[in-house]
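An overview of the molecular structure
Spelled out from the first residue to the last, the chains are:
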Amino acid sequence: AKKAGRNNFSEYESCLEKDMLSKITMYEEIKNAIQEEQFELYYQPKHSVKDENIVGAEALIRWQHPEKGFISPGEFIPLAEDTDLIIPLGNWVIRKAFRQYKEWNTISPIDFHLSINISPKQFIDDNFIPFLLRSVEEFSVSPEKIDLEITESLAIENTELTLEKINQLKKIGFKITMDDFGTGYTSLTYLSKFPLDRIKIDQSFIRDITSNKNHAAIVQSLVSVAKNLDIKVTAEGVETKEQLLYLQEWDCDEIQGYYYSKPIPSISFGEYHLENMKI
Ligand code: C2E
Ligand code: CA
Ligand code: CA
Ligand code: CA
């Protein structure tokens, strides 16, 4: 037993080492990838529940590594958050998304908002708001069309600072969405505490609304509480017509998910979606 224990320990040790090595490598690679423009933004349309028109698009980062191929943001975003790399990476996302929005708008005036994911570290950074201001100026996008998606963990860990930043951003005109809503612990309190424009109900609730009565009840009441507070509700991860019908009945505002489209490259978004939009 003793021997096995020691073996396990060294296995554990070498696992740690490997883990650390791959993290250090990844750190260097992310840094390099920003310079080499290996990142790309994909866009996923958001549709109005009422008439199914496109009302928005969420920008989602993609990394095409020259040797390793596709690396999921679920893998490298947390690492970028642990290090300060999320700042240059997040700034890259903002400029790239604004530039794209401006381009679409120049081809034909568009009437949808653009959602951008903002990580906690990025959001509370002192340079974040000044950077946003410079960027809206540079690409002449109007802040009212930009929806910043933040997470509950940000709000829970930095309540006062987050509130202060949200107020500043809203004064400028930006819209604020609480993403992955329902996965934290203090969700409902936060609805009245923060001046949010939208909540996005996490896909883990949406996935089984048609079979899980508890999740159905949760989603239905979240929609109604949010409505009473004048907060819009987006459901994400909608994959079937059946889910859509439930959300329609509950009067949810917007939905996003594979039912309409996966996140797609900007060129396809321009071709397929902008053409089909009612303007
Ligand atoms: P998120 O913000 O919650 O994004 C939603 C995720 O669900 C995306 O995964 C999207 O592709 C996926 N999704 C959308 N519709 C469906 C559906 O119908 N079914 C299923 N099963 N999945 C669906 P993705 O693109 O892999 O992004 C994962 C996470 O990485 C995001 O979660 C977000 O937290 C983070 N992320 C992505 N891009 C950025 C970024 O530019 N900045 C920051 N800070 N984080 C990002
Ligand atoms: Ca999001
Ligand atoms: Ca989400
Ligand atoms: Ca998520």
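What comes next is a walk through the structure.

What counts as what
- Residues numbered from 1 in each chain as written.
- Chains lettered and ligands numbered in written order.
- Predicted model: local features only at pLDDT ≥ 70, side-chain atom pairs only at ≥ 80, totals over all residues.
- Heavy atoms only, no water.
- Donors = N, O, S within 2.8 Å, 3.2 Å for Na, K, Ca; no water.
- Helix = DSSP H or I, 4+ residues; strand = E, 2+ residues; numbered from the N terminus.
- Buried < 20%, exposed > 50% of the residue type's maximum accessible area, 1.4 Å probe, protein only.
- Contact = heavy atoms within 4.5 Å.
- Lys, Arg positive; Asp, Glu negative; His and termini not counted.
- Salt bridge = Lys/Arg side-chain N within 4 Å of Asp/Glu carboxyl O.
- Near = heavy atom within 4 Å.
- Polar contact = N/O pair within 3.5 Å; in protein donor to acceptor, adjacent residues only side chain to side chain.
- Pairing = 2+ DSSP bridges.
- Core = buried A, V, L, I, M, F, W, Y, C linked by side-chain atoms within 4.5 Å.
- Expected span 1.5 Å × (residues − 1).

1. So, the coordination of the calcium ion (ligand 3)
Bound to the calcium ion (ligand 3) on the protein side are Asp179 (OD), Asp180 (OD), Glu236 (OE) and Glu236 (OE), at distances that span 2.0 to 3.0 Å. Between consecutive donor residues of the calcium ion (ligand 3), the sequence gaps follow D-D-x55-E. Separating the calcium ion (ligand 3) from the calcium ion (ligand 2) is a distance of 4.0 Å, and Asp179 supplies a donor atom to each of them. Here the residue Asp179 occupies a position in strand 6 (residues 175-181), and Glu236 occupies one in strand 8 (residues 232-236), the gap between them amounting to 57 residues. Residue classification places Asp179 among the buried residues on the basis of a relative accessible area of 7%. Residue class for Glu236 comes out buried when judged on its relative accessible area of 9%.

2. Observations concerning the coordination of the calcium ion (ligand 2)
Coordination sphere of the calcium ion (ligand 2), protein contribution only: Glu58 (OE), Asn117 (OD1), Glu149 (OE) and Asp179 (OD), at 2.2 to 2.3 Å. Going along the chain, you hit the donors of the calcium ion (ligand 2) in the pattern E-x58-N-x31-E-x29-D. For Asn117, a relative accessible area of 31% corresponds to the partly exposed category. Residue classification places Glu149 among the buried residues on the basis of a relative accessible area of 1%.

3. A word on the environment of Glu58
By secondary structure assignment, the location of Glu58 is in strand 2 (residues 54-65). Remark: the alpha-carbon pair of Glu58 and Ala226, spanning 168 residues in sequence, is separated by 21 Å. Once residues within four sequence positions are removed from consideration, Glu58 is found in contact with Tyr42, Tyr43, Gln44, Ser115, Asn117, Glu149, Lys200 and Gln256.

4. Here we look at the side chain of Glu236
It turns out Glu236 is buried and unbridged, and the closest side chain with the opposite charge, Lys200, is 4.0 Å from it. Apart from residues lying up to four places away in sequence, Glu236 is in contact with Asp179, Asp180, Lys200, Ile201, Asp202, Gln203, Ile206 and Gln256.

5. Topic: the site of ligand 1
Close to ligand 1 lie 20 residues; Gln44, Arg62, Gln203, Glu239 and Tyr258 are nearest. Within the contact set of ligand 1, a nitrogen atom lies 3.0 Å away from a side-chain nitrogen or oxygen of Gln44. The element best represented in the shell around ligand 1 is strand 2, accounting for four residues.

6. A word on the pairing of strand 1 (residues 39-48)
Moving residue by residue along a regular strand, the side chains alternate between the two faces of the sheet. Among the 10 residues that make up strand 1, eight are buried, leaving the element largely enclosed by the rest of the structure. Pairing of strand 1 with strand 2, which is carried by nine bridges, proceeds in the antiparallel orientation. Paired with Lys46 across the two strands is Gly56, which belongs to strand 2. Counted along the chain from strand 1 to the antiparallel partner strand 2, the turn is five residues long, and its residue Glu52 has a positive phi close to 65°. Inspection of the sheet shows strand 1 paired to strand 10 (residues 264-265) by two bridges, in the antiparallel sense. What sits directly across from Tyr43, in strand 10, is Ile264. Bridging between strand 1 and strand 9 (residues 254-256) involves two bridges; their strand directions are antiparallel. Residue Ser48 lies in a different strand from strand 9, and its bridge partner there is Glu254.

7. Digging into the nonpolar core
Nonpolar side chains tend toward joint burial in soluble globular proteins. Ranked by size, the top nonpolar core spans 78 residues in total, and within it Ile30, Phe39, Ile199 and Leu247 carry the most contacts. By residue number, the principal contributor to this core is helix 3 (residues 86-107), which donates 10 residues. The contact partners of Ile199, leaving out residues within four places of it in the chain, are Thr177, Met178, Phe181, Leu191, Ala226, Ile231, Lys232, Val233 and Thr234.

8. Quick notes on helix 3
For helix 3, which comprises 22 residues, the first-to-last C-alpha distance of 31 Å matches the rise-based estimate of 32 Å (1.5 Å per residue) to within 8%. Those residues of helix 3 lying buried are Ile86, Ile87, Leu89, Gly90, Trp92, Val93, Ile94, Ala97, Phe98, Gln100, Tyr101 and Trp104.

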